[in-house]
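An overview of the molecular structure
What follows is each chain in one-letter form.
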Amino acid sequence: MPELPEVETTRRGLVPLAVGRRVVATKIYDRRLRWPVPRTLEKNLAGRVIDGVDRRGKYLLFRIGRDTMLIHFGMTGSLQALKRPPPRTAHEHFDIVLDSGVTLRYRDPRRFGALLWLKAPAEAHPLLASLGPEPFDPACDARYLWRATRRRKTAIKLALMDNGLITGVGNIYANEALFRAGIRPTLSAHRLSQPRFARLIDAVRETLAEAIAKGGSTLRDYVDSDGEPGYFQLDYSVYGREGLPCRVCGTAIKSIRQGGRATSYCPRCQR
Ligand SMILES: [Zn+2]
């Protein structure tokens, strides 16, 4: 599943290709994504110039005048940039052709992604208005997280994955950041002290920053790559390592389910 670093990597790849470019054609092959692609999208987009590509959580926001085109990758979505697009396949649902000749092609086998048109102000749209601060936002500090969780008896890992508290920390990075901060994922959020939240937000930022840096190294191949742009594997400490020895203390990594997702942690290093 694309997480924040993959979306940010895609954004960084798109900026030099799309910003300042005019849309010369939009071809929607299948409108049945998570929400139907609006019938007016092609008309809204026709001849418009892309002024910027921003990210909020895992949403890509194409700024077009006062309006915004939103793309979300859902479970399996990705956006390719193609100079010579081959014939589309069944899992490719739309093409946006720019005046540079580059085609942005959206691929999404499970179709949980989204392509929407947001009227200004986009940030007031329900999808964006409900989001908490970005992990790298200085306001998203230990004091904020501590105060916002005083009444939350939910497990800290689930709180960390709650986009209303902090935006864009998915399963992989929640697991990895909790390991790095030495915090047991099942601990009640309201029992965590402010200094431990300080270690946690540092760990979240470090893990995400490392993944974004690694993603940047894949951007060289963005145009005309046949793979999924911006996808990369980190050397995880706990994620996907059930039963393997902890890289710090050698204890077997334990795996449990929380909120329907796999949680992996070291029973010795994480308290
Ligand atoms: Zn350990």
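It should be noted that the structure appears before, not after, this text.
Structure report, in brief. (Residues numbered from 1 in each chain as written. Predicted model: local features only at pLDDT ≥ 70, side-chain atom pairs only at ≥ 80, totals over all residues. Heavy atoms only, no water.)

1. Points about the pattern of salt bridges
A complete count under the given rule lists 16 salt bridges for this structure. Close ionic contact of E8 with R12 constitutes a salt bridge, the shortest N to O distance being 2.7 Å. Here E8 pairs with R12, and both are found in helix α1 (residues 4-18), just 4 residues apart, close to one helical turn. Here R55 and E134 are joined by a salt bridge, their closest N and O atoms 2.9 Å apart. Taken together, the positions of R55 in strand β2 (residues 52-56) and E134 in the loop between α3 (126-129) and α4 (142-148) put the pair 79 residues apart, joining distant regions of the chain. Of the residues examined, R55 reaches a relative accessible area of 18% and is grouped as buried. Judged by its relative accessible area of 13%, E134 is buried. (Salt bridge = Lys/Arg side-chain N within 4 Å of Asp/Glu carboxyl O. Helix = DSSP H or I, 4+ residues; strand = E, 2+ residues; numbered from the N terminus. Buried < 20%, exposed > 50% of the residue type's maximum accessible area, 1.4 Å probe, protein only.)

2. Quick word on empty space enclosed by the protein
Over the atoms, a rolling probe the size of a water molecule traces out where space has been left empty. The final tally for this structure, using the stated rule, is 1 cavity of 30 Å³ or more. When its volume is computed, the largest cavity comes out at roughly 30 Å³. Around the largest cavity, the lining residues are P2, V7, K58, H72, F73 and G74. Counted by class, the lining of the largest cavity contains 3 nonpolar, 2 polar and 1 charged residues. (1 Å grid on protein atoms, 1.4 Å probe; cavity = no way out; pocket = protein on both sides within 12 Å on 5 of 7 lines; lining within 4 Å. Points joined across faces, edges and corners; volume = space filled by probe spheres on them. Nonpolar A, V, L, I, M, F, W, Y, C, P; charged D, E, K, R; others polar.)

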